Amino acid sequence: MRILLYNPDNGVTRNFMPHLWMFLLQALTPAGHEVVLIDGNAQPMDEAGIARFVREQNIGLVGIGAMTRMIAKAYRMADAIRAVGVPVVMGGPHVTEEADEALGRSGGPRHADAVALGEADETWPKIVEDAARGKLKDIYAPVDDFGQERKPSLKEYPAIPWDKINLDQFNLVPKMAKRTLQRISDGWGTFRIIPMESGRGCPYGCEFCTVTGFFGDSIRFRTNESVVNELLLLKARARSEGGQIAVFFIDDNFAINIKRTKSLLRDIIAAGAQVHWVAQISANLLRDEELVDLIAASGGKWVFIGMESIDPTNLADVNKGFNKPGEYAAVLQRLAQRNVYAITSFIFGMDNDTVGVAERTLKEIHTWPAGLPIFGLLTPLPATPLYKRLEAAGRLTRPKHWQEFIPFEMAHTPLKMTIAEAHAEVKAGWAHAYSPDAMAQAVDSLKDKPLGYRINIFIARMCFRGIYFPQMGPLAWLKLIYQNRRTISSLVREGFATWRGRRPANPVANGSLQTGVGAT
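Conventions and cut-offs
Residues numbered from 1 in each chain as written. Predicted model: local features only at pLDDT ≥ 70, side-chain atom pairs only at ≥ 80, totals over all residues. Heavy atoms only, no water. Helix = DSSP H or I, 4+ residues; strand = E, 2+ residues; numbered from the N terminus. Buried < 20%, exposed > 50% of the residue type's maximum accessible area, 1.4 Å probe, protein only. Contact = heavy atoms within 4.5 Å. Areas by Shrake-Rupley, 256 points an atom, 1.4 Å probe, with all protein chains shown as cover. Lys, Arg positive; Asp, Glu negative; His and termini not counted. Charge placed at Lys NZ, Arg CZ, Asp CG, Glu CD. Polar contact = N/O pair within 3.5 Å; in protein donor to acceptor, adjacent residues only side chain to side chain. Pairing = 2+ DSSP bridges. Axes fitted to C-alpha atoms, helices over the stretch in contact; angles between N-to-C directions. Phe/Tyr/Trp six-rings, centres within 6.5 Å; stacked < 30°, edge-to-face > 60°. Lys NZ or Arg CZ within 6 Å of the ring centre and 35° of its normal. Disulfide = S-S within 2.5 Å. Expected span 1.5 Å × (residues − 1).

Draft legend 1. Molecular detail of the overall build of the protein. Across its full length, the protein holds 21 helices and 14 strands. Considering the protein as a whole, with its 520 residues, one finds that 49% of them fall into the buried category. Across the protein, every contact between residues at least 6 apart in sequence was considered, and the portion connecting residues at least 24 apart equals 71%. Accessible surface, the protein as shown: approximately 24,200 Å² in total, 55% of it carbon and sulfur. The average position of the 60 basic charges and that of the 55 acidic charges among the side chains of the protein differ by 7 Å.

Shown next as structure tokens:
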């Protein structure tokens, strides 16, 4: 049987990396079946296109995974697939909490033939076997002999064959530049950001987060050897292609067990398995100087930190009081001293936010080392404590907001500002943090660093700007390049001067050729 694993796009902006679940389920698929992967962020596809694909490619089963913000698109694609007679199984955090919605049991249409609840590591092989026999059940749940939910151990983690998987759709290097870039130092014919996990689960239970509900509050880890071997495999592939690779550790809190994280990072260093990597780590865990040293030595380049707010009252309200805004500057400086920079995430529209929260937040950001700030609105996701609290208080304005996904649109009424004012704050955050002047200041703040660091921060900011201001076509990119032409020109001039300084002198002019011949 041919199986398609499909991840929908959100219709707003491309993700910079594929989703791990597709590769993991591909590795867990029983022998005798062929698995095809399509990520809608890399291969855009509409309903007619996916229906035609599954028909022409003789697909016998389609698996769709989607987060809440993608679920409306996922349902439309599933409907189109089922309309041509191909069964669909859906999974992920949203479907786990809204299984009746996917199965048409809550008053709406049915979108899936089956749903996989929770982590599908153990249930996926059974789903495939049942589908091959035409005997799909409605619901598959990982439970033990007593009917209790069972979380899979990660000790026997499947080996994902990164050396054999076709990753062409995930190459971030434009096709027209591939051949030229492949020839330069270290080779840039390919550049991919690959998702990996070293552990699952988070004990913090932040009110707005789906992680604890889905993965649980007990942490499970892969073996160090398993992670190191996967990094070595990815590194070897990049080298063989004359390309580059970076890894995003998608663990919800990569350093939640500091002792274990240090052990893993030491093993990565010892094995020579360093690649550039990004991970999500809470600010409170980055007080540890030795941990930050190991992050830098093992290849860590960016750390995603969910700061959420500079207001301690807001943080306490959402059960994230372990974040201490007074420590933010020191944490970021500690990273920057080791040439590791931060992606700092903020949420506006929290209960203690008032008009001007963007300006106050930006004022703080301007005192920190250069990084990548991102801004969003407080969003009540289904089954989270936040959703339940707002629902009980009658504050939800769009209780089923995911059925019509509108980016950066609130689904409840804030306490101390209007919805329109909250929207304006998010727009102001993005507009000021990613203006041409702000981009130039970020680059200039690294003037004491090698040119590569300044190019890195500039390109990253250009791309991250697209999270809020979509850069989906050539015209949008040309306009952005024009707006930042002074910074680009400065970087190009410095790069050219650096290249000329390193270029070998003419061997005839300096006599080296004659000397070389004479020496033989």
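Draft legend 2. Looking closely at the side chain of N7. The topology assignment puts N7 in strand β1 (residues 2-7). Only 2.8 Å separates the side chain of N7 from the side chain of W21, close enough to count as a polar contact. What N7 contacts, discounting residues up to four positions off in sequence, is H19, W21, M22, I38, D39, G40, N41, G65 and M70.

Draft legend 3. Molecular detail of the sheet that holds β1. Taken in spatial order, the 6 strands line up as β2-β1-β3-β4-β5-β6 in an open sheet, and their pairing is parallel. The open sheet is flanked by β2 (34-39) and β6 (139-140), the only strands paired with a single partner. Two strands pair when backbone bridges link them, and strand β4 (residues 88-91) and strand β5 (residues 114-116) are joined in this way by 3 bridges, in the parallel orientation. Paired with M90 across the strands is V115, a residue of β5. Contacts from helix α2 (residues 47-56) reach β1, β2 and β3 (59-65), with the element oriented near 160° to β1.

Draft legend 4. Main features of the packing of aromatic side chains. On inspection of all chains with the given rule, the structure shows 18 aromatic pairs. An angle of 25° between the planes, with centres 4.7 Å apart, marks the rings of F249 and F254 as stacked. Among the residues examined, F254 registers a relative accessible area of 1% and is labelled buried. Note on F346 and F375: the rings are 6.0 Å apart at their centroids and 20° apart in plane angle, and the pair reads as stacked. Within this pair, whereas F346 is found in strand β13 (residues 341-348), its partner F375 is found in strand β14 (residues 372-377), the two being separated by 29 residues in sequence. We note that F346, like F375, is buried. The ring centre of Y157 lies 3.9 Å from the NZ or CZ of R222, which sits over that ring.

Draft legend 5. Spotlight on the state of the cysteines. With the rule as written, the count across this model stands at 0 disulfides. With no disulfide partner, C206 has as its closest neighbouring cysteine sulfur the one in C209, 6.1 Å distant.

Draft legend 6. Highlighting helix α3 (residues 71-83). Compared with an ideal rise of 1.5 Å per residue, which puts 13 residues at 18 Å, α3 spans 18 Å between its outermost C-alpha atoms and is within 8% of the ideal. All buried positions along α3 are accounted for by I71, A72, K73, A74, Y75, M77, A78, A80 and I81. Looking one or two residues beyond α3, the residue adopting positive phi is G85, at roughly 90°.

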